[in-house]
Amino acid sequence: MDRIVFLGTAGGRASVFRFLRRSGGFLVWLSGNLLHVDPGPGAFVYLHQLGIDPKNIDLVVLSHIHLDHSSDVNAVVEAATDGGKLKGVALFAPRSAFDGRDRVILPFVRERLAWEGFLEEGKELSYKGISVKAVMKHTHHATETYALLFNNRILYVSCALYEDRMLKAYPEKVELMIINTTLYRKTNPIDHLTVEDAERLIEHLRPQKVVLTHFGYEFLLQHDPKRIAEELSNKHGIKVISAEDFMEVKL
Ligand SMILES: [Zn+2]
Ligand SMILES: [Zn+2]
């Protein structure tokens, strides 16, 4: 059955590395395949805690190289390939994750991959039964970051500075939209989405369901994501959920 499990729901340095909540990205079961998106700190351990065999993972995707999205990528690929014995695991990521000064994928782990795909705006990559379209390149602290559409059903709005271009680049009425809503409101100029930005996306794109996640330090300490989600649901007549660690959403 198609479903999503959120390993962790903290986002941004302060919240993730002070461990206000878990991290580790999310898992998507789609048409018999298993996709792991943004395996940040703890992902490998949480997979095991949930009783999920990493060897079932078919595809790993990184939206960008920041550590809260990528720190466990090597451990997860190592486990998914059973130390290189299994040859059926692919990785899609920005080119910056594979090559150059800031690469996060170790060369010997890279060799274990059955296939590697480089995300580029407008390009769709597929592996087994999963398609991943990089619908927009985000502005996010000068790091190559993408919003991703999985099987034309799930839109993942990764970390970003809000831009009106999103309203044109993103598809309307998707089955599920996951929004990395790191900030309650913007107090200094950082490239993360706020509740107001998320609301603009919801209002214009009318997804069938929304999950808010990747909550930052101030958001978690000074506000209540659950109450915010309820308010947005009531205001727009769309089901908006605030993610909890280990939460499951059926598709
Ligand atoms: Zn992030
Ligand atoms: Zn980031």
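Structure's up top.
Here's a quick rundown of the structure. (Residues numbered from 1 in each chain as written. Chains lettered and ligands numbered in written order. Predicted model: local features only at pLDDT ≥ 70, side-chain atom pairs only at ≥ 80, totals over all residues.)

## What about the overall build of the protein?
- Across its full length, the protein carries 10 helices and 14 strands.
- Considering the protein as a whole, with its 251 residues, one finds that 50% of them fall into the buried category.
- Here the contacts in the protein between residues at least 6 apart in sequence split such that 60% fall between residues at least 24 apart. (Helix = DSSP H or I, 4+ residues; strand = E, 2+ residues; numbered from the N terminus. Buried ≥ 20, exposed ≤ 12 C-beta atoms within 10 Å, placed from the backbone. Contact = placed C-beta atoms within 7 Å.)

## Regarding the environment of Pro-41
- Mapped onto the fold, Pro-41 is located in the loop between strand S3 (33–37) and helix H2 (43–49).
- Along the sequence, Pro-41 and Asp-72 sit 31 residues apart, while their C-alpha atoms lie 5.7 Å from each other.
- Excluding residues that lie within four positions of it along the chain, Pro-41 makes contacts with Val-16, Ser-23, Gly-24, Leu-67, Asp-68, Ser-71 and Asp-72.

## Details of the environment of Leu-34
- Along the polypeptide, Leu-34 turns up in strand S3.
- In this structure the C-alpha to C-alpha distance between Leu-34 and Lys-128, which are 94 residues apart in sequence, comes to 9.9 Å.
- Every residue in contact with Leu-34, bar those within four places of it in the chain, is listed here: Leu-27, Trp-29, Asn-56, Ile-57 and Asp-58.

## Thoughts on the sheet that holds strand S1 (residues 3–6)
- Overall, mixed pairing links the 7 strands, which are arranged S6-S5-S4-S3-S2-S1-S14 in an open sheet. Looking along the sheet, the strands with just one partner apiece sit at the ends: strand S6 (115–118) and strand S14 (248–250). Across the sheet, the mean angle from the axis of one strand to that of its neighbour is 15°, orientation sign disregarded.
- Sheet topology note: the S3/strand S4 (residues 59–61) ladder contains 3 bridges and is parallel. (Pairing = 2+ DSSP bridges. Axes fitted to C-alpha atoms, helices over the stretch in contact; angles between N-to-C directions.)

## Observations regarding the pairing of strand S2 (residues 26–30)
- Judged by how many residues are buried, S2 sits mostly within the fold: 4 of 5 residues are covered.
- Direction of pairing for S2 relative to S3: antiparallel, over a ladder of 5 bridges. In the strand pairing of S3, Leu-30 is matched with Asn-33.
- Between S2 and S3, which pair antiparallel one after the other, the connecting turn spans 2 residues, and Ser-31 there sits at a positive phi close to 35°.

## A short note on the environment of Asp-245
- Of note, Asp-245 is situated in the loop between strand S13 (239–242) and S14.
- Its 17 C-beta neighbours within 10 Å are what place Asp-245 among the partly exposed residues.
- For the pair Asp-245 and Ser-31, spaced 214 residues apart in the sequence, the C-alpha separation amounts to 24 Å.

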